[in-house]
Amino acid sequence: MVNTTGSLAATRPVKQVITGRVTDAGTGDALPGVSIVERGTTNGTTTDATGNYSLDVNGAEAVLVFSFIGYTAKEVPVKNQTIIDINLVPDLAQLDEVIVIGYGTVKKSSVTAAISKVENTNLDQIPSGRPETALVGRMAGVNISTARSRPGEAPVVRIRGAGTISASNDPLVVIDGFPGGTLNNVNMNDVESIEVLKDASAAAIYGSRGSGGVIIVTTKKGKSGKPQLNFNSYTGVAKAIGHDDWISGEEYYDYVVRYQNREFVWVGGDPTIPVWGDVRRPAAYQVNPVIKEGNVNWQNAVLQPGPIQNYNLSVSGGTDNAKYYVSGTLRDELGTVKNTSYTYYGLRANVDLKINPVVSAGFMLNPNYTKRRHLGLGIEAMAKYPPFVPIQNPDGTYPKARDYWGVVVTGGLNPLGILNATQNYSYLMNNLGEMYMSLNLLKDLTFKSTFGSNITYTTNENYVAAYGSSNNAAGASASDLRNINLVNENILSYNKSINEVHHFSAIAGASYQKNTSRQTAMGIVTGSFGNPAIQTLNNAVISPTTTFTRKSKWGLASYFSRVNYNFKDKYLLSASIRTDGSSRFGPDNKWGNFPSASVAWRVSQEEFMKGMPTISDLKLRASYGVTGNFNLPDFPYLGVIGDAYYSPNGVVTKGKAQTSYANPRLQWERTKSYDVGLELGLFNSRLNLVVDYYDKRTTDLLYQDALSALTGFANYYTNTGEISNKGVEFEINSKNLTGKLKWETGFNISRNRNEVVSLGGGVTEIINPDVYGMNWILRVGEPMFSYYGYKAIGVLQNKEDVANSPILAGSLPGNTKYQDTNSDGQITPADMVILGSFQPKLFMGMTNNFVYKNFDLSLIMQASLGAKLYNFENEYYQGALAGAMRRSLVETQWWSEAEPGDGRMPGAALSKLTWQSNSDIYLEDASFLSVRNLNLGYTLPAAFAGKLRLNNLRLYTSLSNVLVLTKDEFHGYNPEGYTRGEISGLTSMPGYNSGSEPINRTFTVGINVNF
C-alpha cells in the first residue's frame, strides 16, 4: 500500500480569511456594494455600507477581483496578505452608464433631457406600503401627496403640474420595459432604481401616454457569482396624529345652550326662557341637560394603534451565461381607523440567459395578491358624533344620539356600530409578466422582441348589517373585474463609435398593445336578506337595477424611432418620433405623431475650461417635444348605447337607446413642452446643481362639453381649450463632509404656475358649484379649478352694522360681512372673486445622509407652500349641529358684540350654513413643513459578520412623519388631505375636505441581513 495522505494534504489549499475596506480613490469615500470575487470561482461577497468586507479564499495563490459600477475593476493577488484595502478609480465612461430612458440607456453625461433618478439604497427599509411614499421629497418637479391615510391607498403623483380636465393627469408607469403598469405592482424591496422622465423630449418616445410624465422602474437582476441570500424585515406600529382640543361634559352643555339661545334670538325668541321643559320655548331650541353627563371622545373611540410587519426574502446569483433574481414579500398592515387593513403577498422572478454569442433571452414574472378592508365613510363622519352618546349599551347594541335628545342632534348612527356592521373587502390578484429574446445580428446591431402581459382580477364584496344601515335593513353588493393587457414590442438598436470622436445610437421599433376587460356587478333589493348569519347575495333577492355585466376593449398600434449623436462628448443631439394609432379616437383622427428633439453642450469639455479646476462639469441643454393623452373611456367618439326606460301601455319597460352624442372628429390631446436646463458640478463634483425652466402647454383638451337640448343630449366629448404649466426647478446635491464623518445633502425646490389659457368656443369661464355654497371655477388666466366665492372681511357686530353694510338678504348680527367687490351697495354673485387654489406655489424636498464608522442616519424633509384647502369639516366641529366641538373652532367665533371672537369667524349656525361655506371662511392655508422619515442604522463590522458566516448585517429603526408643522389657522388632520378626489372632469372639486384621515406617525425596527 502507498500512503498518499501526506501528499494530498500538501496540495490541498489552505483557507485564508481576507478582510479590508474599499474606497473611492478620489474622495476616500467608502464604497458599499462592491463585488469581490475570487477569480475563477463563484466564491465572493460584497462590501457593507461602510465599505468593509470579509472573504474566505483558497490560499495565497488566490486572486481577488474588485468590481463596481462606475469604477475600473482591479485584480489583486492575495499572497501572504490578510488585510487588503483597495482604492477604486472612477471609470467615467462606465460611471455614466446609469440612466434608463425609454427603450434604452444613455450615459448620464450624454442626457439631453430633464430626467431625475433615485437609486434604492435603503429605500426598502422605509415603512411605506407603497413605493411612491419612499420617493417623497427626493425629486424636483415631482409632487407626491397623501390625500387619504388609508391602508394600501395610492398617493397622488403629479409631474410638473396638472394639464388636463377629463383625461388622466397620472404619469405612465413602465416596469422593466412594460408600459402601462401601476406602482401597485411594485414592491420596493425589488427595486433597483426609479427614473422620472419629466419633459416631453424624454417622454415623447411613449407618445400618446406621456403627457403626465413617465416613471420607469428597474427591478433588481442577478449578478455573476455565488448565490446571495438577503432577508429584510421590519415591524412596528402606526399611530394617528389626532386633535387634542375636544370639548365635553359640563363645558359642552354650556356651549350648546349658548348656540341654542343665539339661534332662538335670531328668530325673535327670549333667551331667558328655561332651555328645557318650558313649552314657551320651541323644541328646536331646547337643550336636554342629559348631554352634560357624557364624556366620549369619538375620535379616539374609532382610532387604534396600527401594527405593521414586512418580510422580504430574496436570492440572486448566476454565471456569465445565466443570472437570476427571485424574491418573495409579505406585508401586513392594520389601519389606524378600526376595521381597516391591507395585506400584500408578492413574488418576483427575473431571469436572464445568454444562450450563445448571438442569442440572449429571459423572462420576468411578478404575481401579487392584495386584500384590503375599506371603510365607506370619512373620519369626520365619526369624530363629529356628540360626546354624550355612550360607545355601546350593556346589551351590546349601539345607542344613537336621538335616543337621548329629540330632533335637534344628528340622526346619524353610532360610529362604532357602523364600523362593526360594515364588511367591505376588495381582493386583487395581479400578474405582470414579460419574456424577451435578443439577437446580436451584427457587431453594432441588435434586435429585441418582447411579449408581456398584465392580468388583473379584482373582486369587491360589501355587506352592511341592519344595525349599521340608516334604513335598518341589511345591504350588500358584489362585483368582479377581469382585465387583460397584452403588449408586443420589437426593437432594432444600433450603436456605433468612430475613432472615439463620433458616437451614434439609434432605435427603430413597433409596438402593439391590446386591453380587454369584463365586469360583473350585483346588488340586492333593500331589506331582502333572509338571515343575517348568511352574508352572501344568495341569501337575498337580486336587484335588476343594480345588476349588470359589461365588456370593453381598446388597442394601440405604434411605430417609433430615436437617434442620438455625440461628438467628442461635447456636443449632443437626440431626436425621436412616435406614431400612435388608437381605437379610442374617431376615424378622422385615429393616428397621431409625437416628435421631440433635444441638444446639449458640455462646456466643461472645451479646451478653454481646462484651466478652471473648480468646475468639474458644466452642461447646457435645451429640448422640445410633443406628447399625448388618450386616457378616456373606450370609444368615446361613438354614440354610446345605454339603459332607457319607457312606458308602453302605462307599463314601465327597460330598453336601450343612444345616450351620448357621437363625434367622429375626436382626436388626441397634445402637450407641447419646452425645457432649458443647466447642470453644474463643482469641486470635483462634491457640489452639483441642476436648474430647469419649462413651458408645458396642453391643447385640444378632451372633455365633455355642453350640448344644446335640441339635440336630445346633454353633452359630448370634444377637443377644445388649452392649459399651461410653467415652472422652475432646482436640485442641489452636495458632499459636505468626506472624512470619518460623512455627510451628504440633497435639496430640491420647484415652482409651477398653472393657468387656463383657453376654454374654446368663446367661453371664458365655467363654474362648478357645491350644494353648500363654495364654487370651483375654470377661468381664462387663472389656475384650473380655483376656489370662487365671496370674500369675507369680518363679522356683522350689531343691528347698526347690518343696516349700514352691503349684506346678503336676511343677514343678522353675527353673520359674515362680505366684500362688495363691484361697490354697488349690495352682495350678489357679481361680488364673487377668486379665493385661491388647491395647487401649491412651491414645494420642496431635502435629504441628509450621515455615516460615522458603522452608524448611518438619514433624514427626509418635505415642504409645500401656498396651497389652500377647503376644510368644510370645520363646520361640523363648531357646535352648530350639536355634535362634537373643538375648542380652536368654538372660541374663535362670534358670540356677541362683547365677545366678537377673532373678528373673522362668524357665529356658526345651521340656519346660516351656506352663508359661511360660500366664502373663504373655511378656506385654510395648507402650507406645511414635515420631517417625513428618520432612519438610523448600524452595520455589523465585516470581520465580525464573517465569523457569523454573514456577508452583511444591518439593524435599523425608522420613524415616519416625525414632525408636521402647519399654519396656526389650519385645523385639518392632514394638509394634503381631501375627499372629493382630484381633477376628473368639469364637475371636479379638488381640495374639498370633509373627512380625510389623520396622518400616521409610524415607528419600526428592522433587520437586513445578507448571507
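About the cut-offs
- Residues numbered from 1 in each chain as written.
- Predicted model: local features only at pLDDT ≥ 70, side-chain atom pairs only at ≥ 80, totals over all residues.
- Heavy atoms only, no water.
- Helix = DSSP H or I, 4+ residues; strand = E, 2+ residues; numbered from the N terminus.
- Buried < 20%, exposed > 50% of the residue type's maximum accessible area, 1.4 Å probe, protein only.
- Contact = heavy atoms within 4.5 Å.
- UniProt positions renumbered as here; feature names shortened; annotations may be inferred.
- Domains from an automatic or database assignment.
- Buried area = accessible area lost by both parts, 1.4 Å probe.
- Salt bridge = Lys/Arg side-chain N within 4 Å of Asp/Glu carboxyl O.
- Pairing = 2+ DSSP bridges.
- Axes fitted to C-alpha atoms, helices over the stretch in contact; angles between N-to-C directions.
- Expected span 1.5 Å × (residues − 1).
- Polar contact = N/O pair within 3.5 Å; in protein donor to acceptor, adjacent residues only side chain to side chain.
- Patch = residues over 30% accessible without salt bridge, like charges linked within 9 Å, V, L, I, M, F, W, Y side chains within 5 Å.
- Areas by Shrake-Rupley, 256 points an atom, 1.4 Å probe, with all protein chains shown as cover.
- Phe/Tyr/Trp six-rings, centres within 6.5 Å; stacked < 30°, edge-to-face > 60°.

**Some words on the overall build of the protein**
Reasoning step 1: In terms of helices and strands, the protein carries twelve helices and 53 strands.
Reasoning step 2: Based on the C-alpha atoms only, the size of the protein along its principal axes is roughly 120 × 65 × 65 Å.
Reasoning step 3: Burial statistics for the protein: of 1011 residues in total, 52% are counted as buried.
Reasoning step 4: Residue pairs in contact within the protein that sit at least 24 positions apart in sequence constitute 69% of those at least 6 positions apart.

**Structural notes on the UniProt feature "domain: TonB-dependent receptor-like beta-barrel" (unreviewed entry) in the protein**
Reasoning step 1: Within this numbering scheme, the UniProt entry marks residues 418-764 as carrying the feature "domain: TonB-dependent receptor-like beta-barrel" (unreviewed entry).
Reasoning step 2: For residues 418-764, helix accounts for 1% and strand for 68%, while the C-alpha atoms at its two ends are 45 Å apart.

**Quick word on the domain arrangement of the protein**
Reasoning step 1: When the domains of the protein are assigned, the result is domain 1 (16-88), domain 2 (98-224) and domain 3 (788-1010).
Reasoning step 2: Taking only C-alpha atoms, the centre of domain 1 and the centre of domain 3 are 52 Å apart.
Reasoning step 3: Domain 1 puts ten residues into the contact, and the matching count from domain 3 is twelve residues.
Reasoning step 4: Carbon and sulfur atoms make up 51% of the surface buried where domain 1 meets domain 3, a total of about 710 Å² over both sides.
Reasoning step 5: When the area that domain 1 buries against domain 3 is broken down by residue, the three leading residues are Asp48, Thr50 and Ser54, summing to 48%.
Reasoning step 6: Arg949 serves as the salt-bridge partner of Asp56, at 3.6 Å between the closest nitrogen and oxygen.

**Considering the sheet that holds strand E40 (residues 775-779)**
Reasoning step 1: Read across the open sheet, the four strands follow the order E39-E40-E41-E44; overall the sheet is antiparallel. Of all the strands in the sheet, just strand E39 (765-769) and strand E44 (833-836) have a single pairing partner and so form its edges. Averaged over all pairs of adjacent strands, the angle between their axes in this sheet comes to 40 degrees, without regard to strand direction.
Reasoning step 2: When E39 meets E40, the two strands line up antiparallel, connected through five bridges. Residue Glu765 lies in a different strand from E40, and its bridge partner there is Arg779.

**Digging into the sheet that holds strand E52 (residues 992-993)**
Reasoning step 1: Spatial ordering of the open sheet is given by E49-E47-E52, a layout of three strands whose pairing is mixed. The open sheet is flanked by strand E49 (923-925) and E52, the only strands paired with a single partner.

**Description of the environment of Lys568**
Reasoning step 1: Turning to its location among the elements, Lys568 is positioned in the loop between strand E27 (542-567) and strand E28 (571-582).
Reasoning step 2: Taking C-alpha positions, Lys568 is 8.5 Å from Gln605, a pair spaced 37 residues apart along the chain.

**Notes on the pattern of salt bridges**
Reasoning step 1: Scanning the entire structure with this criterion turns up 43 salt bridges.
Reasoning step 2: Between Glu997 and Arg148 there is a salt bridge, and its shortest N-O distance comes to 2.7 Å. With Glu997 in the loop between E52 and strand E53 (1000-1010) and Arg148 in the loop between strand E11 (142-145) and strand E12 (156-159), the pair connects residues that are 849 residues apart, well separated along the chain. As far as the burial class goes, Glu997 and Arg148 line up, both buried.
Reasoning step 3: One salt bridge in this structure joins Arg280 and Asp278, with 2.8 Å as the shortest N-O distance.
Reasoning step 4: Given the relative accessible area of 55%, Arg280 is considered exposed.
Reasoning step 5: On the basis of relative accessibility, which here comes to 15%, the residue Asp278 falls in the buried class.
Reasoning step 6: Salt bridges sharing partners connect three or more residues here, namely Arg160, Lys198, Lys619, Arg621, Asp675, Glu679, Asp692, Glu729 and Glu731.

**Describing helix H5 (residues 249-266)**
Reasoning step 1: In this model H5 runs 26 Å from its N-terminal to its C-terminal C-alpha over 18 residues, within 8% of the 26 Å that 1.5 Å per residue would give.
Reasoning step 2: Positive backbone phi, approximately 90 degrees, marks Gly268, located one or two places after H5.

**Here we look at the pairing of E28**
Reasoning step 1: Across twelve bridges, E27 lies against E28 in antiparallel orientation. Residue pairing in the sheet places Ser561 in a bridge with Ile577 of E28.
Reasoning step 2: In textbook terms, the turn of a hairpin is the stretch between consecutive antiparallel strands, and for E27 and E28 this stretch comprises three residues, one of which, Lys568, has a positive phi near 55 degrees.
Reasoning step 3: As paired strands, E28 and strand E29 (residues 591-602) are joined by eleven bridges and run antiparallel to one another. Bridge pairing in E29 links Thr579 to Asn593.

**Section: the pairing of strand E38 (residues 741-758)**
Reasoning step 1: When strand E37 (residues 722-738) meets E38, the two strands line up antiparallel, connected through 16 bridges. Bridge assignment links Lys726 to a residue of E38, and that residue is Arg753.
Reasoning step 2: Connecting E37 to the next strand, E38, in antiparallel fashion are two residues.

**A closer look at the side chain of Gln513**
Reasoning step 1: Considering the arrangement of structural elements, one finds Gln513 in strand E26 (residues 502-524).
Reasoning step 2: Judged by its relative accessible area of 1%, Gln513 falls in the buried class.
Reasoning step 3: A polar atom in the side chain of Gln513 sits 3.5 Å from the backbone oxygen of Pro179.
Reasoning step 4: A distance of 2.9 Å separates the side chain of Gln513 from the side chain of Asn485, its partner in a polar contact.

**A few points about a nonpolar patch on the surface**
Reasoning step 1: A surface patch of nonpolar side chains, amounting to about 440 Å² of accessible area, comprises Phe363, Leu365, Met435, Phe451 and Leu486.
Reasoning step 2: Residue placement: Met435 occurs in strand E23 (residues 422-440).

**Examining the packing of aromatic side chains**
In this description, an aromatic ring pair is defined by two values, namely the gap between the centres and the angle between the planes.
Reasoning step 1: A full pass over the atoms with the stated rule returns 32 aromatic pairs.
Reasoning step 2: Between the aromatic rings of Tyr259 and Trp895, the centroid separation amounts to 4.9 Å while the plane-to-plane angle is 65 degrees, which identifies the pairing as edge-to-face. In this pair, Tyr259 is assigned in helix H5 and Trp895 in the loop between helix H10 (887-890) and helix H11 (913-917), connecting sequence segments 636 residues apart.
Reasoning step 3: Assessed through its relative accessible area of 4%, Tyr259 is described here as buried.
Reasoning step 4: Between Tyr624 and Tyr674, the aromatic rings sit 4.9 Å apart at their centres with planes inclined by 45 degrees, giving tilted as the arrangement. Highlighted residues: Tyr624 in strand E30 (residues 615-629) and Tyr674 in strand E33 (residues 669-682), separated in sequence by 50 residues.
Reasoning step 5: With a relative accessible area of 28%, Tyr624 lands in the partly exposed category.

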